[in-house]
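# Understanding the architecture of this molecule
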Amino acid sequence: MAGQSIRFEVTKLNCGGCAGRAQKALAAVPGVDEASVNLASKMAKVEGTAGLATLRDALKSAGYPAREAQVKLAIEGMSCASCVNRVEKALNAVPGVLSANVNLASETAEVRILAGSVDGVTLARAASDAGYKAHLAGDDSAEREAHKAAEHRALTRDLIVAGVLTLPVFVIEMGGHFIPGFHEVIMNSIGQQASWLLQFVLITAVLVWPGRRFYQVGLPLLFKGAPDMNSLVALGTLAAWTYSTVALFLPGLLPEGTRAVYFEAAGVIVTLILLGRFLEARAKGRTGAAIKRLVGLRPATARVEREGQISEIAIDEVALGDVVHVRPGERIAVDGELLTGTSYIDESMITGEPVPVGKGPGDTVVGGTVNGQGALSFRATAVGADTMLARIISMVEDAQGAKLPIQALADKVVVWFVPAVMAAAALTFVIWMIFGPSPALTLALVAGVSVLIIACPCAMGLATPTSIMVGTGRAAELGVLFRKGDALQTLDSCKVVAFDKTGTLTEGKPALLRSEAAPGWDADALLRLAASAEQGSEHPIARALEQASDGALSQPEASEAIAGHGLRATVEGRALLVGAKRLMDREGIALGVLAAAHDEIAQAGQTPVLVAVDGGIAGVFAVADRVKPGARAAVEALHAQGIKVAMITGDTRATAQAIAGELGIDHVEAEVLPEGKLAAVKALRARFGAVGFVGDGINDAPALAEAEVGIAIGTGTDVAIESADVVLVSGELSGVVEAFHVSRAVLRNIRQNLFWAFGYNVALIPVAAGALYPAFGVLLSPMLAAGAMALSSVFVLSNALRLRRLSPVMGGGRGAQPAPRLEMEPAE
């Protein structure tokens, strides 16, 4: 790995302490520039030059090995050992590959990877790029899902076994508290000694079978001096079991009056914590629901035309340049450019916009979207990881793996939290032994075990990553992609959002807004003549006049461009002059009754286009870059959230002020050159505070990078704008509002989770230690401690999952027509 970023799956992560220690182990590897471990997704992200084997060994030594997976490829075209060497070299060069073994005889390759770091399609492409066509012989994603399913089945089995074995013990010990005379029935039937012996057998089976997972992980880490949550559970349950076993078989070793058993506590602790993990696993599965839905948009097959024949092939076999055919109602397989057919495409699953978009030859189509009623054919322009859908999934996955600054405190706490809890449990035991009433040993054991069990830092470790995963997934469904996860927190602190004008607030192309004709002239007829004269011009204003004219245009008999003024033409035998006022002044043509209209248009920041016919003024047209639908509503929604709105543009101040007045913008920076936008962002920061900048990503890269949060307007396949922190897939300005809305909702959710996680431990550790005993005679049972600990994690996860139902402020742009595709470069 040479100066690259890589993500992979880490196993045996059960709490925030685990994630912190795994991250610390990775960060300590020479060559690692940055490392982060996400507890919710169980994924690590590492940037730097460290080798994969070194990273793997570091995690293994720390007790949290990276999960490895094997991908099998079928390779075609190999003929000798040299071919084998080239394929192996190509595969080994792919980030995430631990080893590649190519077999010439079987024409296969066995590739060992760090799970989650690379997919089979990428590996197959690497071999194909080396000159040997390759395809998947197995599905690594299916293997991963199978692995997760196997883990879930094992957890379910262990929970059921633990529950079945623990229930009789719980009934025997606790039944007397709820059923009068129950305890006497037990004593008079099987007797205390037989009852304790039965409990010993059943609970020992619980600890040896379903509970072994805690000891297999927790005890080795404890011996290494790096205890985790499993260590706390192992210590607590073993302490209860050992004390009870001594009381049963060697009662003489215990002081008089302290002979009691707590087998039920050990069994119930294991059962409740397994129940908590079971519920966590189900909740965590739902946190990645957005990613799964995005992945589910990718069809399994495509109908491809090759050598005149249309056949259905696997999606992974579609190559660049293939002609793909799509029936009405089918999902489009990959990105491409339409060759034949017209239809309306439902792009809502990617852009968040439910209004189908009309498409015709030459337009782009995006893989994962749904074709309407027309039959289409298109040429594939992006396949595999290069498609828009794949890039969106990658962006969301990267953002979900982010670690926000707000998590720093939790990370610092969990590093020392487990050792501190163990010390607190030991101190609790000692204090009870010294100052506690009789039976002091029994009370000291109960209090010490309760402290060990209740203080698991799981909730602290889950508080931030689960909210990020659910929040960024929900944002993606609204058409907002957080390319950098920390933008979630930074956006919440932005006090002002600055918009580029052309192509962002406006459509990026001139349009006819107003027509005024002199007496004796019809405005529509005059527009047709002017548009006919402009047919040979490449000026954007010419295109605006052509598009606005409804009638059939005539071919000009003569046409002459007059630089800086306009043009002269002969159309249908009539002499036309089309251009600015200075053209009319040069030709000595007075504006007459149109003078007032001309001045009104100019003062409104629009471009007046004058038309003279046969030497007399005939009309004036107002041409301007039209404001995008929904722009004013977006500005008003931002104001409602307490955010100031600014506009930065290279256009004239008059034009900028006119648009600002129309939209209700607070602050205008006009006549700014592209290189001056960066300075304008700095000026806004000095005046208002943290700045979010919204641009179309063409001339706005410096400003997007300079702002605290750069928000790029993405249209079509132009979504991977490297300078931006956030990308609005649909190109709708409502996405800016939704980005702020999601940011604030996620940060609020994280603060709730952290408050609960910290508050839970701060409040209940003293209770578990016996703080209430002197005043109320209440000592927390280890069983209740286990239930409270499991509940804390489930609460945090459930709270994060509420973000899945986050409602859009503006309906995600729903109901508004999608923004027109840009047909010219912005003027700025």
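Residues numbered from 1 in each chain as written. Predicted model: local features only at pLDDT ≥ 70, side-chain atom pairs only at ≥ 80, totals over all residues. Heavy atoms only, no water.

## Some words on the overall build of the protein
Which entries qualify depends on this criterion: Only DSSP runs of H or I covering at least 4 residues are called helices, and only runs of E covering at least 2 are called strands; the numbering of each starts at the N terminus. Exposure categories follow from relative accessible area, calculated using a 1.4 Å probe and restricted to protein chains: below 20% of the type maximum is buried, above 50% is exposed, and the middle band is partly exposed. By definition in these notes, contact holds between two residues if any of their heavy atoms fall within 4.5 Å.
Of regular secondary structure, the protein possesses 29 helices and 29 strands. The 828 residues of the protein split such that 53% are buried. The long-range share in the protein, meaning contacts at least 24 apart out of those at least 6 apart in sequence, stands at 70%.

## With respect to the UniProt feature "transmembrane region" (unreviewed entry) in the protein
Test applied: UniProt positions are given in the numbering used here, feature names are shortened, and annotations may be inferred rather than shown by experiment.
Within the UniProt annotation, "transmembrane region" (unreviewed entry) is assigned to residues 159-182, 194-211, 232-254, 260-279, 413-435, 441-464, 754-773 and 779-801. In the segment residues 260-279, helix accounts for 85% and strand for 0%; the C-alpha atoms at its two ends are 33 Å apart. Here residues 754-773 runs as 85% helix and 0% strand, with 28 Å between its end C-alpha atoms.

## Quick look at the environment of Trp241
Looking at the element boundaries, Trp241 is found in helix α9 (residues 229-249). Its relative accessible area of 22% is what places Trp241 among the partly exposed residues. Along the backbone, Trp241 and Ile203 are 38 residues apart, and their C-alpha atoms lie at a distance of 8.1 Å. If we ignore the near neighbours within four places in the chain, the residues touching Trp241 are Phe200, Ile203, Thr204, Leu207, Phe263 and Ala266.

## Points about the environment of Glu317
Here Glu317 lies in the loop between β9 (309-314) and β10 (323-326). Taking the C-alpha atoms as reference points, Glu317 and Ala134, separated by 183 residues in sequence, lie 9.4 Å from one another. In this structure, Glu317 is in contact with Arg306 and Asp322, ignoring residues within four places of it in sequence.

## A few points about the pattern of salt bridges
We apply this condition: The working definition used for a salt bridge is a side-chain nitrogen of Lys or Arg within 4 Å of a carboxyl oxygen of Asp or Glu.
One pass over the full model with this rule turns up 26 salt bridges. A salt bridge links Arg157 to Asp158; its shortest N-O distance comes to 3.1 Å. Assessed through its relative accessible area of 2%, Asp158 is described here as buried. A salt bridge links Glu636 to Arg632; its shortest N-O distance comes to 3.1 Å. Note that Glu636 and Arg632 are positioned in helix α23 (residues 631-640) at a spacing of four residues, about one turn of the helix. When salt bridges with common partners are traced through the structure, they connect Arg56, Asp57, Glu68 and Arg112 into a single cluster.

## What to know about the sheet that holds strand β26 (residues 667-669)
Selection criterion: Here, a strand pair is defined by DSSP locating no fewer than two bridges between the strands. Geometry is summarised by axes, namely lines fitted to C-alpha atoms with helices restricted to the contacting stretch, and by angles between N-to-C directions that run from 0 to 180 degrees.
The strand order across the open sheet built from seven strands is β17-β29-β28-β27-β18-β25-β26, with neighbouring strands paired in mixed fashion. The open sheet has two edge strands, β17 (480-482) and β26, and neither has a second partner. Taking the axes of each pair of neighbouring strands and ignoring which way they run, one obtains an average angle of 20 degrees across the sheet. Of the strand pairs in this sheet, strand β27 (residues 691-695) and strand β28 (residues 709-713) are connected by four bridges, and their pairing is parallel.

## Observations concerning the nonpolar core
Under the convention used in this document: Throughout, nonpolar core names a set of buried Ala, Val, Leu, Ile, Met, Phe, Trp, Tyr and Cys residues whose side chains join them through atoms within 4.5 Å.
If you look at the biggest cluster of nonpolar residues, it comprises 152 residues, and the most contacted ones within it are Phe8 and Phe482. Considering each element in turn, this core owes the most residues, 15 residues, to helix α27 (residues 734-769). Those residues in contact with Phe8 that lie beyond four places of it in its chain are Leu26, Lys42, Met43, Ala44, Val46, Leu55, Leu59, Ala66, Leu114, Ala115, Gly116 and Ser117. Judged by nonpolar contacts, the second largest core, of 22 residues, contains Leu73, Ala115, Ala124 and Ala134.

## Structural notes on the pairing of strand β6 (residues 108-114)
A large share of β6 lies buried, amounting to five of its seven residues. Across seven bridges, the pairing between strand β4 (residues 68-75) and β6 is antiparallel. Each bridged residue has a counterpart across the sheet, and for Gln70 the counterpart in β6 is Arg112.

## Remarks on helix α29 (residues 782-801)
Because an α-helix packs 3.6 residues into every turn, residues spaced three or four apart end up facing the same way. Applicable threshold: Here the expected length of a helix is defined as 1.5 Å per residue gap, with one fewer gap than residues.
When the terminal C-alpha atoms of α29 are compared, their 29 Å separation across 20 residues agrees well with the 28 Å that a helix rising 1.5 Å per residue should span. Counting buried residues in α29 gives 15 out of 20 residues, a clear majority hidden from the surface.

## Considerations on the packing of aromatic side chains
Condition: Pairing of aromatic rings covers Phe, Tyr and the six-membered ring of Trp, with a centre-to-centre limit of 6.5 Å; geometry is then stacked below 30 degrees between planes, edge-to-face above 60, and tilted otherwise.
For the coordinates displayed, the defined rule picks out five aromatic pairs. Geometrically, the ring pair formed by Trp432 and Tyr773 is edge-to-face, given 5.1 Å between the ring centres and 75 degrees between the ring planes. With Trp432 in helix α14 (residues 408-435) and Tyr773 in helix α28 (residues 773-776), this residue pair connects regions lying 341 residues apart in the sequence. On the accessibility criterion, Trp432 (9% relative accessible area) is buried.

## Section: the layout of surface pockets
Under the convention used in this document: A cavity here means a set of points on a 1 Å grid, drawn over the protein atoms and nothing else, where a 1.4 Å probe fits but cannot get out; a pocket is an open set with protein on both sides within 12 Å along at least five of seven lines, and a residue lines either one if it has an atom within 4 Å of a point. Grid points are joined across faces, edges and corners, and a volume is the space filled by probe spheres set on the points. Three categories are distinguished: nonpolar for Ala, Val, Leu, Ile, Met, Phe, Trp, Tyr, Cys and Pro, charged for Asp, Glu, Lys and Arg, and polar for the others, with Gly belonging to the last.
Size it by volume and the second largest pocket reaches roughly 1200 Å³. Contributing to the lining of the second largest pocket are 49 residues, with Pro510, His539, Ile541, Thr607 and Val623 lying nearest its centre. Broken down by element, the residue count for the lining of the second largest pocket peaks at five residues, all from strand β24 (residues 616-627). Its residues placed into classes, the lining of the second largest pocket shows 22 nonpolar, 16 polar and eleven charged.

## Some words on unusual backbone geometry
Residue Pro439 is bonded to the preceding Ser438 through a cis peptide linkage, with omega at -5 degrees. Mapped onto the elements of the fold, Pro439 is located in the loop between α14 and α15 (440-454).

## Some thoughts on the confidence of the model for the protein
Predicted coordinates in areas of low pLDDT are best not read in detail. Worth spelling out the cut-off: The predictor reports its confidence for every residue as pLDDT, a score running from 0 up to 100.
Across the protein, the average pLDDT comes to 82, with 87% of residues at 70 or higher. Confidence scores differ between elements of the protein, with helix α12 (residues 348-351) showing the lowest mean pLDDT of 70 and β10 the highest of 94. For residues 716-720, every residue scores under 50 in pLDDT, and the model assigns this stretch 13 contacts once sequence neighbours within four places are set aside. Across residues 812-828, confidence stays below pLDDT 50; counting only partners more than four residues off in sequence or on other chains, it has 54 contacts.

## Some points on the packing of helix α1 (residues 16-27) against helix α2 (residues 52-62)
To keep it simple, the criterion reads: When describing relative orientation, an angle under 35 degrees is termed roughly parallel and one over 145 degrees roughly antiparallel, while 65 to 115 degrees is termed roughly perpendicular and anything else oblique. Definitions for this section: a left-handed crossing has its near helix turned counterclockwise from the far helix by less than a right angle. A right-handed crossing has that turn clockwise.
Put simply, α1 and α2 touch, their axes get as near as 9 Å, and they point 140 degrees apart. Classified by the angle their axes make, α1 and α2 are oblique. At the point where α1 passes α2, the crossing takes the right-handed sense. The segment α1 lies against α2, with Ala22, Ala25 and Leu26 engaging Leu55, Ala58, Leu59 and Ala62. Split by residue class, the contact of α1 with α2 holds seven nonpolar, no polar and no charged.

## A short note on the sheet that holds strand β23 (residues 607-613)
Pairing within the open sheet is antiparallel, and its six strands lie in the order β19-β24-β23-β22-β21-β20. Each of the sheet's edge strands pairs with one partner strand only, and the pair in question is β19 (506-517) and β20 (558-562). Sheet twist, expressed as the mean angle between neighbouring strand axes with direction ignored, is 20 degrees. Its contacts with the sheet place helix α19 (residues 523-533) against β19, β20, β21 (566-571), β22 (574-579), β23 and β24, and it is angled at close to 80 degrees to β24.

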